[in-house]
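Summary of structural features
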Amino acid sequence: MFFERKKRLTDSAFFDGFTDYHCHILFGVDDGLKELSESLKTLSYYESLGVKKVYLTPHVNLTYNDWNIIETNFSTLKNRYKGAIELQLAAEYLLDSGFVVQMKQGLRCMENNRVLVESSYFNKSTGFDETLFLIANEGYTPIIAHPERYLFMNRDNYQELKNCDYLFQLNLLSLSGMYGGQVKHRALYLLEKNMYDLIGSDMHDLKIFKEHIPEIKLSKKQFLNLMSILK
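Now for a look at the structure at hand. Since the structure is predicted, the reported quantities are computational estimates derived from the model, not experimental observations.

Scoring rules and cut-offs
- Residues numbered from 1 in each chain as written.
- Predicted model: local features only at pLDDT ≥ 70, side-chain atom pairs only at ≥ 80, totals over all residues.
- Heavy atoms only, no water.
- Helix = DSSP H or I, 4+ residues; strand = E, 2+ residues; numbered from the N terminus.
- Buried < 20%, exposed > 50% of the residue type's maximum accessible area, 1.4 Å probe, protein only.
- Contact = heavy atoms within 4.5 Å.
- Pairing = 2+ DSSP bridges.
- Axes fitted to C-alpha atoms, helices over the stretch in contact; angles between N-to-C directions.
- Arc of directions from axis to C-beta.
- Right-handed = clockwise from strand over helix to strand, strands pointing away.

Let's talk about the environment of tyrosine 45
- On the secondary structure map, tyrosine 45 appears in helix H1 (residues 36-49).
- Look at tyrosine 45 and you get buried, because its relative accessible area is 17%.
- When the C-alpha positions of tyrosine 45 and lysine 210 are compared, they lie 9.5 Å apart, and in sequence the two are 165 residues distant.
- When neighbours within four sequence positions are excluded, tyrosine 45 is seen to be in contact with Leu206, Phe209, Lys210 and Ile213.

Structure below.
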């Protein structure tokens, strides 16, 4: 009865026990949060939602790649944060010309050797498919970040990637229309086809997240498909 009509995600218990697999909450390392105080404020807000675990996934590419700063700031955040949310450090790797070097140095993975990767949005990164194959051949499982945002992909492309047993990570705010109607349509299609494996906020700014999260309205079927990803 509750989801007979489309209802807001924030009116459900969706975030109780939630794990955020993609965010830029770690301060001062990329285009996400800049100050420690912002990171702590965001984690406090997450606590109010019921979030239990967060993977901090700073961008790693030709521009952002200083692991000394990343690890130092991660240590600072863990020491200052006194809440109950479990914090884990991973990364979001751009499949650019510097990626192979990063892989040789050792990738910062999630559990089970899963590694979060992304492409540019409008054009496929050079060697995209070959690099994904290389990642898998080295014993990692690629998690393709926000596939709904890659406008160069079509439905056959998505299926080909799933046939390779690559994982898909949904940007939650894609369902709000924040990235545009075309991205929202793609996200709902992938959700309907049960192609998503993980969910992330891709949080770069708490104010923007809080503005858009109430805009997510789902049918009962869409909500159940979303909840099935959490299991």
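Read on, since the account is not over.
A look at the sheet that holds strand E2 (residues 19-20)
- An order of E2-E3-E5 is seen for the three strands of this open sheet, with the pairing classed as parallel. Looking at the sheet topology across the chains shown, the edges are occupied by E2 and strand E5 (86-89).
- Strand direction decides the pairing type here: E2 and strand E3 (residues 53-56), joined by two bridges, are parallel. When the bridges of E3 are listed, aspartate 20 appears paired with valine 54.
- Relative to the sheet, helix H2 (residues 67-80) contacts E3 and E5, its axis offset from that of E5 by approximately 175°.

Considerations on helix H4 (residues 128-137)
- Of all the residues in H4, the buried ones are Phe128, Thr131, Leu132 and Ile135. Down the axis of H4, the smallest arc covering the buried residues is 100°, so these residues share one side. In this structure, H4 carries Glu130, Phe133 and Asn137 as exposed residues pointing more than 90 degrees from its buried face.
- Residues of H4 that are buried in the fold lie against helix H3 (99-105), strand E7 (114-118), strand E8 (141-145) and helix H5 (155-163).
- Phi for glycine 139, located one or two positions after H4, is positive at around 95°.

Description of the pairing of E3
- In this fold, E2 hands off to H1, which returns the chain to E3; that crossover is right-handed.
- Pairing of E3 with E5, which is carried by four bridges, proceeds in the parallel orientation. Bridge pairing in E5 links tyrosine 55 to glutamine 88.

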